[in-house]
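Structural description and commentary
Chain by chain, the residues run as shown.
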Amino acid sequence: MYYLNKACEIQLAAAQMASLTPVSTIPETLASYVCEQFKKVAHERHLVWQAWLRKLDRIDPSYRE
């Protein structure tokens with residue numbers, strides 16, 4: 001998630017510097033709605049994260065060191 005956030009920050013900064021298009025913000029009501037949706041699927045996100053960790057353990061368990 002950290003890298004996704006960083007990628008978004010970089011993309012926004014580059015777009016602002018290049019003056020490609022004005023950066024628009026989403027309405028607060030939409031942001032709140034999406035936030036509530038993510039809160040409802042916390043258990044599913046945890047299951048997916050655990051699956052990714054198991055896969056990583058199979059591929060290269062040295063990441064834990």
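Residues numbered from 1 in each chain as written. Predicted model: local features only at pLDDT ≥ 70, side-chain atom pairs only at ≥ 80, totals over all residues. Heavy atoms only, no water.

The number of helices and strands found in the protein is three helices and zero strands. Secondary structure elements of the protein occur, N-terminal to C-terminal, as α-α-α. On C-alpha atoms alone, the protein measures out to a radius of gyration of 17 Å, which is more than a quarter above the 11 Å that the 2.2 N^0.38 rule sets for 65 residues. By its C-alpha atoms, the protein is 45 × 30 × 15 Å across when sized along the principal axes. Across the 65 residues in the protein, those meeting the buried criterion constitute 3%. Put simply, the protein shows about 6300 Å² of open surface, and 65% of that area lies on carbon and sulfur atoms. The average position of the 8 basic charges and that of the 7 acidic charges among the side chains of the protein differ by 5 Å. (Helix = DSSP H or I, 4+ residues; strand = E, 2+ residues; numbered from the N terminus. Rg over C-alpha atoms; globule rule 2.2 N^0.38 Å. Buried < 20%, exposed > 50% of the residue type's maximum accessible area, 1.4 Å probe, protein only. Areas by Shrake-Rupley, 256 points an atom, 1.4 Å probe, with all protein chains shown as cover. Lys, Arg positive; Asp, Glu negative; His and termini not counted. Charge placed at Lys NZ, Arg CZ, Asp CG, Glu CD.)

Right, let's get into a nonpolar patch on the surface. A cluster of nonpolar residues, Ile26, Leu30 and Tyr33, forms a patch on the protein surface that exposes about 320 Å² of accessible area. By secondary structure assignment, the location of Leu30 is in helix 2 (residues 28–40). (Patch = residues over 30% accessible without salt bridge, like charges linked within 9 Å, V, L, I, M, F, W, Y side chains within 5 Å. Salt bridge = Lys/Arg side-chain N within 4 Å of Asp/Glu carboxyl O.)

As a further point, take the pattern of salt bridges. Tallied over the entire structure, the rule returns three salt bridges. Two residues, Glu9 and Lys6, come together in a salt bridge whose shortest N-O distance is 3.3 Å. Separated by three residues within a single helix, Glu9 and Lys6 lie in helix 1 (residues 2–18), roughly one turn from each other. In this structure, Glu36 engages Lys39 in a salt bridge whose closest nitrogen and oxygen atoms are separated by 3.5 Å. Here Lys39 and Glu36 lie together in helix 2, a separation of three residues that amounts to about one turn.

A pair of packed helices is characterised by two quantities: the angle between their axes and the separation of those axes. Between helix 2 and helix 3 (residues 42–59), whose axes approach to 5 Å, the crossing angle comes to 60 degrees. With respect to helix 3, the element helix 2 is oriented oblique. On helix 3, the residues touching Phe38, Lys39 and Lys40 of helix 2 are Ala42, Glu44 and Arg45. (Axes fitted to C-alpha atoms, helices over the stretch in contact; angles between N-to-C directions. Parallel < 35°, antiparallel > 145°, perpendicular 65-115°, else oblique. Contact = heavy atoms within 4.5 Å.)

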